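# Understanding the architecture of this molecule
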Amino acid sequence: MSQPVNENGAFKNLSATAAVSSGPCQLIGFYVNSTSTGTLVLRDGGASGTVLCGTITPAIGFHRYPATIGTSLHATIANTLDVTFFFASGN
């Protein structure tokens, strides 16, 4: 019988474009606290790093987004968006 997966880690709340983590991490997901047509683009490697996804227009609530980030996680936020990221440091 398999054991349950333990999905926990650090959190960081953002409402403007910024780094989520300064090093490698495991992204668990993000919770959108509030939005008014806000958009989100996730990148690995800083503001000019590799795009993980196209532009996301998330609804309020939790969004599971399991991903391995090799360098650092950066979030580009446009319009009005208040989002909390959940991630575990390291690979």
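An account of the accompanying structure is given in this report. (Residues numbered from 1 in each chain as written. Predicted model: local features only at pLDDT ≥ 70, side-chain atom pairs only at ≥ 80, totals over all residues. Heavy atoms only, no water.)

## Topic: the environment of G46
Keep this limit in mind: We count a stretch as a helix when DSSP gives it H or I for four or more residues in a row; a strand needs E for two or more, and each element gets its number in order from the N terminus.
Looking at the secondary structure, you find G46 in the loop between β3 (25–44) and β4 (50–51). In this structure, the C-alpha to C-alpha distance between G46 and I60, residues 14 residues apart in sequence, is 25 Å.

## Quick look at the environment of A18
This is how it is decided: The contact definition used throughout considers only heavy atoms, calling two residues in contact when any of these lie within 4.5 Å.
Within the secondary structure layout, A18 lies in strand β2 (residues 18–21). A18 sits 14 residues away from V32 along the chain, and the two C-alpha atoms are 16 Å apart. If sequence neighbours within four positions are ignored, A18 has contacts with H74 and A75.

## Thoughts on the side chain of D44
Note the threshold: Each residue is assigned to one of three classes by its accessible area relative to the maximum for its type, calculated with a 1.4 Å probe on protein chains only: buried under 20%, partly exposed between the two thresholds, exposed over 50%. Only four residue types enter the charge count, namely Lys and Arg as positive and Asp and Glu as negative; His and the chain termini do not. Any Lys or Arg side-chain nitrogen found within 4 Å of a carboxyl oxygen on Asp or Glu counts as a salt bridge. We define a polar contact as two N or O atoms separated by no more than 3.5 Å, with the added condition that, inside protein, one atom must be a possible hydrogen donor and the other a possible acceptor, whereas residues neighbouring each other in sequence contribute only through side-chain atom pairs.
Following the sequence through the fold, D44 ends up in strand β3. For the buried D44, which has no salt bridge, the nearest side chain bearing the opposite charge is R43, at an N-O separation of 11 Å. Among the polar contacts listed, one links the side chain of D44 to the backbone nitrogen of G70, at a separation of 2.9 Å. In contact with D44, not counting residues within four places along its chain, are G49, T50, L52, I69, G70, T71 and S72.

## Here's the deal with the nonpolar core
Rules: As used in this record, nonpolar core signifies buried Ala, Val, Leu, Ile, Met, Phe, Trp, Tyr and Cys residues forming a set joined through side-chain atoms within 4.5 Å.
Within the largest apolar cluster, 18 residues are counted, with the highest numbers of intra-cluster contacts made by L27, L40, L42 and F85. Considering each element in turn, this core owes the most residues, seven residues, to strand β6 (residues 73–89).

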